[in-house]
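Okay, here's what each chain looks like letter by letter:
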Amino acid sequence: MTNLPVIDLEYLAATLKDLLHLQSPTGYTDEIAHRVGKELDRLGIPYQLTRRGAIRARIKGQASKPARAMVSHLDTLGAQVKSLKENGRLELVPIGHWSARFAEGGRVTLFSERGSYTGTVLPLRASGHTYNDGVDTMPIGWDYVELRVDAYANTASDLEKLGIEIGDFVAFDAQPEFLENGYIVSRHLDNKAGVALMLAAMKALVECDRKPTVDVYWLFTIAEEIGHGATSILTPEIASMVAIDNGTTAPGQNSAEFGVTISMADQTGPFDYHLTQKLVHLCKEHNIKVRKDIFRYYRSDAASAVEAGADVRTALATFGVDASHGYERIHMHALRSLAELCVSYALSPVEIARDAREFASIKGFTHQPTGEADQELVPEVNEPDKLAADAQS
């Protein structure tokens, strides 16, 4: 393995624990923006905030263009209060795209203007002693769950007296477990883990004596789970952007909980050929375990940036997550591997110098391979004898 700055795994784990305990459903991300800003101040990395609280930090390189970016999102899945029910419970609507199957039984915090309340999301038929098999025959969906607040509330009027209103945010407790064998089990690893590993990569860069090839922007968005993501945080200098997010380990997928998984395409189409290949080659060069996958029901900050009109090369580098958008599990090996890839990308040379300009002539424009593959077959030493024996049999 080539000499890369060392990733501080204790720092990575401690940062992830801290972020997981800080609730941040989309639309309720102010506090996590303060937390990440405080950490960037501690690391001595300059940054700016958008009006809504997305963060753009920069580690200066040997040149300013063509700048690179890496992006992860601070927001998580969650819910909002849809209505105050006459039985003193709350109807919910989801924030982000996720199944109510994984909301059932979830411990939550409801944020009202008066203050926060804890509670539990339950199916409408929640007692086996009352409904017997009716509990098992309940359909799955947000219309079939309700929030029981841990406060005196037997009627809608009681809820109003508590100061609970339609539109109040509901954050699902992460309940993280860090196991000694390296596995991490928690809600919201998508994408608190991406934020933590990016901070660990930034720490490694500022503590080493090596300067990135070009300016590297580290972007933290606040609305990825609802599709907005990196719509308004890029600068014209940024020519390439790598989204850091979760890969989907499941039957039929090639993602893994170990090493780096590079997504070749998601539901919005293929990622940039040259940037994707560069990431794969960097993994091989630095002996970082890597595999490729395609995500059919997935979009990331990269999609939102391109759809907003950004002329930027995009790629998606992931850590494998089992049961994404559910009760998630990852392994520290993947987080370390992806942090190492972030560092190696920041320090790698620029291959496409033309990308420093937003518009230029065809000179220096990239090529994609189109020639025929070498199909020369080299027989084994004893291949003729084997073929003769097969023919006789």
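Our subject in this report is the structure included herewith.

Thresholds, definitions, all that
- Residues numbered from 1 in each chain as written.
- Predicted model: local features only at pLDDT ≥ 70, side-chain atom pairs only at ≥ 80, totals over all residues.
- Heavy atoms only, no water.
- Disulfide = S-S within 2.5 Å.
- Buried < 20%, exposed > 50% of the residue type's maximum accessible area, 1.4 Å probe, protein only.
- Helix = DSSP H or I, 4+ residues; strand = E, 2+ residues; numbered from the N terminus.
- Pairing = 2+ DSSP bridges.
- Expected span 1.5 Å × (residues − 1).
- Contact = heavy atoms within 4.5 Å.
- Polar contact = N/O pair within 3.5 Å; in protein donor to acceptor, adjacent residues only side chain to side chain.
- Core = buried A, V, L, I, M, F, W, Y, C linked by side-chain atoms within 4.5 Å.
- Lys, Arg positive; Asp, Glu negative; His and termini not counted.
- Salt bridge = Lys/Arg side-chain N within 4 Å of Asp/Glu carboxyl O.

1. Remarks on the state of the cysteines
Step number 1: For the structure shown, the criterion picks out zero disulfides.
Step number 2: With no disulfide partner, cysteine 208 has as its closest neighbouring cysteine sulfur the one in cysteine 342, 14 Å distant.
Step number 3: Relative accessible area serves as the criterion here: at 23%, cysteine 208 is assigned to the partly exposed category.
Step number 4: Cysteine cysteine 342 remains unbridged, with the sulfur of cysteine 283 as its closest cysteine sulfur at 9.9 Å.
Step number 5: Given the relative accessible area of 2%, cysteine 342 is considered buried.

2. Quick word on the pairing of strand E7 (residues 116–123)
Step number 1: E7 sits mainly inside the fold: six of its eight residues count as buried.
Step number 2: Pairing of strand E6 (residues 107–111) with E7, which is carried by five bridges, proceeds in the antiparallel orientation. Residue pairing in the sheet places leucine 110 in a bridge with tyrosine 117 of E7.
Step number 3: Counting the residues between successive antiparallel strands, the hairpin from E6 to E7 contains four residues, one of them, glycine 115, with a positive phi of roughly 155°.

3. Considering helix H1 (residues 9–20)
Step number 1: In this model, H1 (twelve residues) spans 16 Å end to end at C-alpha, consistent with the 16 Å of a helix rising 1.5 Å per residue.
Step number 2: Those residues of H1 that are buried are in contact with helix H2 (30–43), strand E10 (177–178), strand E11 (183–186), helix H5 (189–207) and helix H8 (332–347).
Step number 3: The opening residue of H1 is aspartate 8, an N-cap whose side-chain oxygen sits 3.2 Å from the backbone nitrogen of glutamate 10.

4. Quick notes on the environment of lysine 192
Step number 1: Following the sequence through the fold, lysine 192 ends up in helix H5.
Step number 2: Separated by 54 residues in the primary sequence, lysine 192 and asparagine 246 place their C-alpha atoms 9.9 Å from one another.

5. Remarks on the nonpolar core
Step number 1: Residues Leu197, Trp218, Phe220, Leu335 and Leu341 are the most contacted members of the largest nonpolar core, which totals 81 residues.
Step number 2: Looking at which element gives the most residues to this core, the answer is H5, with twelve residues.
Step number 3: Among residues more than four places away in sequence, those in contact with leucine 197 are Leu12, Ile244, Phe319, Leu335, Leu338, Ala339 and Cys342.
Step number 4: If you look at the next biggest cluster of nonpolar residues, it comprises 24 residues, including Ala103, Tyr117, Val149 and Val170.

6. Side note on the pairing of strand E8 (residues 145–149)
Step number 1: Most of E8 is tucked away, with four of its five residues classed as buried.
Step number 2: Here E7 pairs with E8 via five bridges, running antiparallel. From the neighbouring strand, proline 123 faces E8, where its bridge partner is valine 145.

7. Side note on the side chain of arginine 187
Step number 1: One can find arginine 187 in the loop between E11 and H5.
Step number 2: Aspartate 173 is the oppositely charged side chain nearest to the buried, salt-bridge-free arginine 187, at an N-O distance of 7.9 Å.
Step number 3: A polar atom in the side chain of arginine 187 sits 3.2 Å from the side chain of tyrosine 327.

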